[in-house]
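A closer look at the structure
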Number of protein chains: 2
Amino acid sequence: MCLSKAYVARNGEPELVLAEVASLKVKDEKLLLSTLLGEQKEIVARIREIDFLTHRITLEKGTKGGYR
Amino acid sequence: MCLSKAYVARNGEPELVLAEVASLKVKDEKLLLSTLLGEQKEIVARIREIDFLTHRITLEKGTKGGYR
């Protein structure tokens, strides 16, 4: 299985947002993360990096205009 | 292995950009896709959706201001 873990970089420290992410959808400034079990998390963040080997999604909070 | 295929939606038709994507990095409006073998592709596009089960990355060309 290729489910991934999503982290937000906060002050340099990665903070787990959601584990076992099955899909990620981008809607304007929001990201919608979903697991196989139907758990969903919507977050105002941008994708910084996705590593398909380590199953790691790194997000960045907020927009260029500042943090929310 | 969880390597993914990256597609750009063009006129509704998915067009393969790069297969066996191992990592994806976002740099401003550009995406840098890399394979395990060191093949790299830089594209001005945004991520629309990533499906970790079907190993499918769907991109959208251009920015809000128009296509490039």
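See the structure shown above.
First things first, this report covers the structure right here in the doc. Note that the coordinates shown come from a computational prediction; the quantities given were computed from them, not determined experimentally.

On to the nonpolar core. One finds Leu33 and Leu59 of chain A together with Leu33 and Leu59 of chain B to be the most contacted residues of the largest nonpolar core, which totals 30 residues. Filtering out sequence-adjacent residues up to four positions away, Leu59 of chain B remains in contact with Ala6, Tyr7, Val8, Ala9, Leu31, Leu33, Ile43, Ala45, Arg46, Ile47 and Arg48 of chain B.

According to the stated counting rule, one finds 1 aromatic pair over all chains in the structure shown. The ring centre of Tyr7 of chain A lies 4.0 Å from the NZ or CZ of Arg56 of chain A, which sits over that ring.

This part takes up the environment of Val8 of chain B. Residues and elements named next belong to chain B. By the secondary structure assignment, Val8 is in strand 1 (residues 4-10). Taking relative accessible area as the criterion, Val8 reaches 2% and is therefore assigned buried. Along the chain, Val8 and Leu59 lie 51 residues apart, while their C-alpha atoms are 4.6 Å from each other. With sequence-adjacent residues up to four places away left out, Val8 is seen in contact with Glu13, Pro14, Glu15, Val17, Ile43, Leu59 and Lys61.

Right, let's talk about the side chain of Ser23 of chain B for a bit. With respect to the helices, strands and loops of the structure, Ser23 of chain B is situated in strand 2 (residues 13-27). Setting aside residues no more than four positions away along its own chain, Ser23 of chain B makes contact with Ile50 and Phe52 of chain A together with Leu32, Leu33 and Ser34 of chain B.

With that out of the way, let us pick up the relation of the copies chain A and chain B. For these two chains of identical sequence, chain A goes onto chain B by a turn of 180° and a shift of 0.0 Å along the axis, with RMSD 0.0 Å. On the angle and the small slide along the axis, the relation comes out as a two-fold axis. Relative to the rotation axis, the closest C-alpha in chain A is found at Cys2 of chain A, a distance of 2.8 Å.

Turning our attention to the state of the cysteines. On inspection of all chains with the given rule, the structure shows 1 disulfide over all chains. The disulfide bridge from Cys2 of chain A ends at Cys2 of chain B, spanning 2.1 Å between sulfur atoms. Judged by the sign of its S-S torsion, about -85°, the bond between Cys2 of chain A and Cys2 of chain B is left-handed. Taken together, the positions of Cys2 of chain A in the segment before strand 1 (4-10) and Cys2 of chain B in the segment before strand 1 put the pair across two chains. In this structure, Cys2 of chain A and Cys2 of chain B share a single accessibility class: buried.

What counts as what
- Residues numbered from 1 in each chain as written.
- Chains lettered and ligands numbered in written order.
- Predicted model: local features only at pLDDT ≥ 70, side-chain atom pairs only at ≥ 80, totals over all residues.
- Heavy atoms only, no water.
- Core = buried A, V, L, I, M, F, W, Y, C linked by side-chain atoms within 4.5 Å.
- Buried < 20%, exposed > 50% of the residue type's maximum accessible area, 1.4 Å probe, protein only.
- Contact = heavy atoms within 4.5 Å.
- Phe/Tyr/Trp six-rings, centres within 6.5 Å; stacked < 30°, edge-to-face > 60°.
- Lys NZ or Arg CZ within 6 Å of the ring centre and 35° of its normal.
- Helix = DSSP H or I, 4+ residues; strand = E, 2+ residues; numbered from the N terminus.
- Least-squares fit on C-alpha atoms with pLDDT ≥ 70 in both.
- Disulfide = S-S within 2.5 Å.

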